[in-house]
Protein chains: 2
Amino acid sequence: MATEAESADPPAAYTALLDEIERYNAVGSAQSVLSWDQQVMMPERGTPARSQQLSTLSSLSHELLVDGDVGDHLDTLDDESLTTDQQAVVREVRRQYRRAERVPRDLVEDISEASSEALGAWESARENDDFDEFAPHLERLVDLKRQYAEHIDPDADPYAVLFADYEPCLPLSKAESILDELRETLVPLIDDIRASDADLATDALDGTYDTDTQEDLARDVLELLDYDFDRGRLDTSTHPFTSGNQFDCRITTRFDPEDPLGSLLPTIHEFGHAYYTLGLPDEEFGTPLGDDRDLSVHESQSRLWENHVGRSEAFWELLLPKFTDRFPQAEDLSVRDAYEAANQVYDENLIRVEADELTYHLHIIVRFEIERELIGGDLAVDEVPDRWNELYEEYLGLTPPSDAVGCLQDIHWSHGSFGYFPTYSLGSVMAAQLYDAADDAIDELDRRFALASSTRLASGSARTSIATGNDTRRAS
Amino acid sequence: MATEAESADPPAAYTALLDEIERYNAVGSAQSVLSWDQQVMMPERGTPARSQQLSTLSSLSHELLVDGDVGDHLDTLDDESLTTDQQAVVREVRRQYRRAERVPRDLVEDISEASSEALGAWESARENDDFDEFAPHLERLVDLKRQYAEHIDPDADPYAVLFADYEPCLPLSKAESILDELRETLVPLIDDIRASDADLATDALDGTYDTDTQEDLARDVLELLDYDFDRGRLDTSTHPFTSGNQFDCRITTRFDPEDPLGSLLPTIHEFGHAYYTLGLPDEEFGTPLGDDRDLSVHESQSRLWENHVGRSEAFWELLLPKFTDRFPQAEDLSVRDAYEAANQVYDENLIRVEADELTYHLHIIVRFEIERELIGGDLAVDEVPDRWNELYEEYLGLTPPSDAVGCLQDIHWSHGSFGYFPTYSLGSVMAAQLYDAADDAIDELDRRFALASSTRLASGSARTSIATGNDTRRAS
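Each chain carries its own residue numbering, running from 1 in the direction its sequence is written. Lettering for chains starts from A, numbering for ligands starts from 1, and both go in the order in which the items are written. The predicted nature of this model means local features are confined to residues of pLDDT at least 70 and side-chain atom pairs, given and counted, to a pLDDT of 80 or more, with totals for whole chains, interfaces and linings taken over all residues. Derived side-chain values reflect all non-hydrogen atoms in the structure, with water molecules and hydrogen atoms excluded from consideration.

## Brief notes about the overall build of chain A
Okay, so step 1: If you tally the helices and strands in chain A, you get 19 helices and three strands.
Okay, so step 2: Radius of gyration means the value over C-alpha atoms here, while the globule rule gives 2.2 Å times the residue count to the 0.38 power. Relative to its length of 476 residues, chain A is compact, with a C-alpha radius of gyration of 23 Å against a globular reference of 23 Å.
Okay, so step 3: Seen along its three principal axes, the alpha-carbon backbone of chain A occupies a region of about 70 × 55 × 45 Å.
Okay, so step 4: Of all 476 residues assigned to chain A, the portion counted as buried reaches 56%.
Okay, so step 5: Intrachain contacts of chain A at a sequence separation of at least 6 include 73% that bridge at least 24 residues.
Okay, so step 6: Positive and negative charge centroids in chain A, built from 38 and 102 side chains respectively, lie 4 Å apart. Put simply, DSSP marks the helices as runs of H or I at least four residues long and the strands as runs of E at least two long, and each gets a number from the N terminus on. For the exposure calls, accessible area comes from a 1.4 Å probe over protein chains only, and a residue counts as buried if that area is under 20% of its type's maximum, exposed if over 50%, partly exposed in between. By definition in these notes, contact holds between two residues if any of their heavy atoms fall within 4.5 Å. Positive charge is attributed to Lys and Arg, negative charge to Asp and Glu, and no charge count is given to His or to the chain ends. The location of each charge is read from NZ of Lys, CZ of Arg, CG of Asp or CD of Glu.

Listed below in structure tokens is the structure:
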């Protein structure tokens, strides 16, 4: 059956569906360029025009999916007559369509506008350490996102509905059990590590490192990893991120003169995201087959490179000569010391994006619990700061001295992104599974990093697109 | 009547029209960001995705104008009940709508796609000095643009229809008579200048100038001119250009180590464009009242600053200390010598964008004549190179040694932009008129440049938006 379908022309409704979806996705990828520009290039006072551009594209994108003929084509299509690839396209479009058609356009625009306004308020609130400035915006976004979830599925747990925007292939209950297991394992493990008297070279990279030279080193590392600069760029931004598609996927990082690892590891992390995106098939651009699977899978690729390659002793054998070449001040640094520094568990870190590999997940779990309570109606917005501090004390033994380094530290809620945080931990877990499988299959995997043959590690996993969504689900 | 309308709420159809038009213009300004990025930031291999984004936004933009309710609102509106500002909005939207509604969406997409493909072919043809590579694309674009003109007005001269896309306020016949007058005056004037034995300091700026320092100097000049970096950026690109809106208007320039004026004057030129755009009213963003009048008016602003300020002796009094501060090698340069160098008429220049103030218009007239003949069906595409060389010989006494520095030098035809070139000369003429009027009205105008009070010169003229279209037409 599938073989017959392969060789025949696709049904007219399928071709027509694909045309509509390519337009829909072209608008989405245009939005990504505008967002990248906003975070990396846009002058300070450009926001009013950018908000209007982005909110118009949001509503146009929504209309392209639900107001045109997509629904009719989906009704017409008989999946049996399609190839497996075509079925994957239809399955994914149907999923997106069924969610979007239930959401009124006004609500889509309200969310886009409320987010635009919340972003500025959050930036100011964080700067002034004044949660009250942000609170009304957060309240509005929680309310709008609950309405949004209610429209999509009035009978479901609204948080589960929101979570599915970011991770549609894994039920929330499964995600929750993974996070539970992480918490139960990590809290005592971190206690043990803190109590341990092992003498690690945690201060091996202390010192001051010129930031221009750090940027040169970041480019060295990207060359080493085979990042394709003809299809990408490296820039700086407040928060490192990756944006783009298989033809043009850009990464950002940031530089702190006191913390060279704080630039190197995020650079490797973002490389992982970009490497996945740049591995998606060119000829499927604009269709679900040419798009990433979801945020957890994306994060599995970034974490694979950051944690399993970038923090490995073998990789530092390769990296150290480049490091000392750029920073002769570190000529006495040994591979072992760098490795220990890159893998230390911090005692007092309050900031998620600066967390080590272990405590990282406790930062996620705090956010997960709070946003579930917020969306579930079990926590009022004005209770967030106290709840945050209570959970930090419980899981990390730390109390933030201010909301600026507490519940105001992350951008996500100002975007209205509730349900996003868990994908970070899920991605890390997938990365560990992928690495474990690769380690079983490939002889002396980690030694190969030192021989600079590491760059092919992800070439297989980078093919995890929409088409293999089911496999991905099983792998989790 | 107007006073009553001012104080009343606008008619519902007007408010609804404005909503639609704001969305339409938001898509247009999003397209500008994508184009800026393509020319300044995009990695080399990003074109396939960018073409798809831009062509989708082109067709969406067309649909927003013609397929929605804009036509109905325009039919419903009784202009008598509107304020003069509202009437200006309706007049401009009606003009755009009446043109767009006659053009089929397929043709809009064909033109967008053909241009995307032509751009790459033109770049390659120019690099390889091989007109044949570009010819089939040019032929297709000429054909598509003739169809486009035919749809808009089957009874009109198709070139006049295309010209109105760039300059809707001036009939082609008027433009033609201005260009005729320029040619008749300039050809003998340039002959006289070339025959003159005046000894000018044409080589005063000869030498090698570090390009990073040139960039520092360009920023000095922009600071001097009061360019608002909170609403703009300076970057480099192959061809200097300006892009943006009143919240975010960016300029580019380029640097040649042998030619500091080749960066300074374009920087001042682009500043003029940006200064006009940044002067448009914030609260009208997204409506015709917050948009520029047209290309000729835009060019009048850039030329005003480039030719009448940037090439003035008084301005060089202000600039020279900054110049010698950045380039101590030029410590012996006098204001008079710099002024003479900046105003020299080149004997042998073949390149439009490097032309002096006088020969510039002859470059324009060559293009104007050729594109009229092409669109009128009086010249075949394969005859373009010979015709080009013939006209250069006739007007400039020069024969290009290759098509690369001949008919392949400009990007415009690869965009399908036929009718664009004349606006450059029209803008220069308007600039001269504006300067002349300002000089009459303001005592010792040019001396004020030397006192750094020049930056208010354009503050009045920068208000020439759609609302004052009629005044602009009269001024031309």
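## Brief notes about helix H14 (residues 335-342) of chain A
Okay, so step 1: For H14 of chain A, the full list of buried residues reads Val 335, Ala 338, Glu 340, Ala 341 and Ala 342 of chain A.
Okay, so step 2: Where H14 of chain A is buried, its residues touch helix H11 (261-278) and helix H13 (313-326) of chain A.

## Describing the confidence of the model for chain A
All names here are of chain A.
Okay, so step 1: With 93% of its residues at a pLDDT of 70 or more, chain A has an overall mean of 91.
Okay, so step 2: Below pLDDT 50 for its whole length, residues 458-465 participates in 23 contacts with residues either more than four positions away or in separate chains.
Okay, so step 3: Each residue gets a pLDDT score, which is the predictor's confidence in that residue and runs from 0 to 100. Note on residues 467-476: pLDDT under 50 across the span, and 17 contacts to partners over four residues away in sequence or across chains.

## Considering the relation of the copies chain A and chain B
Okay, so step 1: To line up the copies, we fit them by least squares on C-alpha atoms, keeping just the residues with pLDDT of at least 70 in both. You can overlay chain A on chain B at an RMSD of 0.0 Å; the transform is a turn of 180° with a shift of 0.0 Å along its axis. The operation mapping one copy onto its partner corresponds to a two-fold rotation axis. Taking the C-alpha atom as reference, chain A places Leu 34 of chain A closest to the rotation axis, 3.7 Å from it.
Okay, so step 2: The overlap is high: 100% of the interface residues of chain A also sit at the interface in chain B, so the same surface is used on both sides.

## Re the domain arrangement of chain A
Residues and elements named next belong to chain A.
Okay, so step 1: Here chain A is described as being made up of domain 1 (2-157) and domain 2 (158-476).
Okay, so step 2: Using C-alpha coordinates to define each centre, domain 1 is positioned 25 Å away from domain 2.
Okay, so step 3: At the junction of the two partners, domain 1 supplies 41 residues and domain 2 supplies 50 residues.
Okay, so step 4: Accessible area that two parts lose when put together, with a 1.4 Å probe and added across both, is what the buried area reports. Between domain 1 and domain 2, a total of about 3900 Å² is buried, with carbon and sulfur atoms accounting for 63% of that surface.
Okay, so step 5: A pair is scored as a salt bridge if a Lys or Arg side-chain nitrogen falls within 4 Å of a carboxyl oxygen belonging to Asp or Glu. Across the contact surface, domain 1 and domain 2 share three salt bridges.
Okay, so step 6: Here Glu 92 ties to Arg 293 by a salt bridge, and the two come within 3.2 Å at their closest N and O atoms.
Okay, so step 7: Counted as a polar contact is a pair of N or O atoms within 3.5 Å, where, for protein atoms, one must be capable of donating a hydrogen and the other of accepting one, and residues adjacent in sequence contribute only when both atoms are in side chains. Counting the contacts that link domain 1 with domain 2 gives 17 residue pairs in polar contact (both at pLDDT 80 or more).
Okay, so step 8: Of all the secondary structure elements, the ones that give two or more residues to the side of domain 1 that touches domain 2 are helix H2 (12-40), helix H5 (84-100), helix H6 (105-128) and helix H7 (131-152).
Okay, so step 9: With twelve residues, the top contributor of residues to the side of domain 1 that touches domain 2 is H7.
Okay, so step 10: Basically, the charged four are Asp, Glu, Lys and Arg, the nonpolar ten are Ala, Val, Leu, Ile, Met, Phe, Trp, Tyr, Cys and Pro, and anything else, Gly included, counts as polar. Per-class residue counts for the side of domain 1 that touches domain 2 are 22 nonpolar, five polar and 14 charged. The domain limits used here are those given by an automatic or database domain assignment.

## Points about the sheet that holds strand E3 (residues 248-253) of chain A
All names here are of chain A.
Okay, so step 1: In spatial order, the strands read E1-E3-E2; together these three strands make up an open sheet with mixed pairing. The outermost strands of the open sheet, each flanked by one partner alone, are strand E1 (234-236) and strand E2 (242-245). Put simply, the sheet's adjacent strands are angled 20° from each other on average, direction ignored.
Okay, so step 2: When DSSP finds at least two bridges between two strands, those strands are taken to pair. The sheet contact formed by E2 and E3 spans four bridges and is antiparallel. Note that in E3 the partner of Gly 244 across the bridge is Cys 249. Think of each axis as a best-fit line through the C-alpha atoms, taken over the contacting stretch in the case of a helix, with angles from 0 to 180 degrees between the N-to-C directions.

## Thoughts on the packing of aromatic side chains
Geometrically, a pair of aromatic rings is defined through the distance of the ring centres and the angle of the planes.
Okay, so step 1: For this analysis, a ring pair means two rings from Phe, Tyr or Trp (six-membered ring only for Trp) whose centres lie within 6.5 Å, classed as stacked if their planes differ by under 30 degrees, edge-to-face if by over 60, and tilted for the remaining angles. The final tally for this structure, using the stated rule, is 36 aromatic pairs over all chains.
Okay, so step 2: Look at Tyr 420 of chain A and Tyr 424 of chain A: their rings are 5.4 Å apart centre to centre, the planes differ by 45°, and that puts the pair in the tilted class.
Okay, so step 3: Put simply, the rings of Tyr 166, Tyr 360, Trp 388, Tyr 392, Trp 413, Tyr 420, Phe 421 and Tyr 424 of chain A touch in pairs and so form one group of aromatic residues.
Okay, so step 4: Our definition puts a charge over a ring when NZ of Lys or CZ of Arg is within 6 Å of the ring centre and also within 35 degrees of the ring normal. The positively charged end of Arg 250 of chain B is found above the aromatic ring belonging to Trp 36 of chain B, 4.4 Å away from the centroid.

## Re the state of the cysteines
Okay, so step 1: We call a pair of cysteine sulfur atoms a disulfide whenever their separation is within 2.5 Å. With the rule as written, the count across this model stands at zero disulfides over all chains.
Okay, so step 2: Residue Cys 249 of chain A stays outside any disulfide, its sulfur separated by 20 Å from that of Cys 169 of chain A, the closest cysteine.

## Section: the interface of chain A and chain B
Okay, so step 1: Counting residues at the interface gives 40 residues for chain A, matched by 40 residues for chain B.
Okay, so step 2: It is Arg 23, Pro 43 and Arg 45 of chain A that lose the most area in chain A upon contact with chain B, and together they represent 18% of the buried surface on that side.
Okay, so step 3: At the boundary of chain A with chain B, the tally comes to eight salt bridges.
Okay, so step 4: The salt bridge partner of Asp 37 of chain A is Arg 250 of chain B, with a shortest N-O separation of 2.7 Å.
Okay, so step 5: Applying the counting criterion to the chain A and chain B interface returns 16 residue pairs in polar contact (both at pLDDT 80 or more).
Okay, so step 6: For the side of chain A that touches chain B, the secondary-structure elements that each account for two or more residues are H2, helix H3 (47-66), H6 and E3 of chain A.
Okay, so step 7: The greatest single-element share of the side of chain A that touches chain B, amounting to eleven residues, is contributed by H3 of chain A.

## Section: the packing of H11 of chain A against H13 of chain A
Helix packing geometry: the angle between the two helix axes and the distance between the axes.
All names here are of chain A.
Okay, so step 1: Contact geometry of H11 with H13 gives a least axis separation of 14 Å together with a crossing angle of 125°. As far as their axial angle goes, H13 and H11 are oblique. Crossing handedness for the pair H11 and H13: right-handed. For the pair formed by H11 and H13, the contact residues are Leu 261, Leu 264 and Ile 268 on the first element and Phe 315, Trp 316, Leu 319 and Phe 323 on the second.
Okay, so step 2: Tallied by class, the residues present in the contact of H11 with H13 amount to seven nonpolar, no polar and no charged. With respect to orientation, any angle under 35 degrees is reported as roughly parallel, any angle over 145 as roughly antiparallel, any angle of 65 to 115 as roughly perpendicular, and every other angle as oblique. Left-handed describes a crossing whose near helix is turned anticlockwise from the far helix through less than a right angle; right-handed describes the clockwise counterpart.

## Here's the deal with the pattern of salt bridges
Okay, so step 1: On inspection of all chains with the given rule, the structure shows 66 salt bridges over all chains.
Okay, so step 2: Of the charged contacts in the structure, one is a salt bridge between Arg 105 of chain A and Glu 109 of chain A, with a shortest N-O distance of 3.3 Å. Taken together, the positions of Arg 105 of chain A and Glu 109 of chain A, both in helix H6 and four residues apart, correspond to about one turn of that helix.
Okay, so step 3: Judged by its relative accessible area of 33%, Arg 105 of chain A falls in the partly exposed class.
Okay, so step 4: On the accessibility criterion, Glu 109 of chain A (18% relative accessible area) is buried.
Okay, so step 5: With a shortest N-O distance of 3.8 Å, Asp 294 of chain A and Arg 293 of chain A are connected by a salt bridge. We note that Asp 294 of chain A, like Arg 293 of chain A, is buried.
Okay, so step 6: When salt bridges with common partners are traced through the structure, they connect Arg 23 of chain A together with Glu 63, Arg 105 and Glu 109 of chain B into a single cluster.

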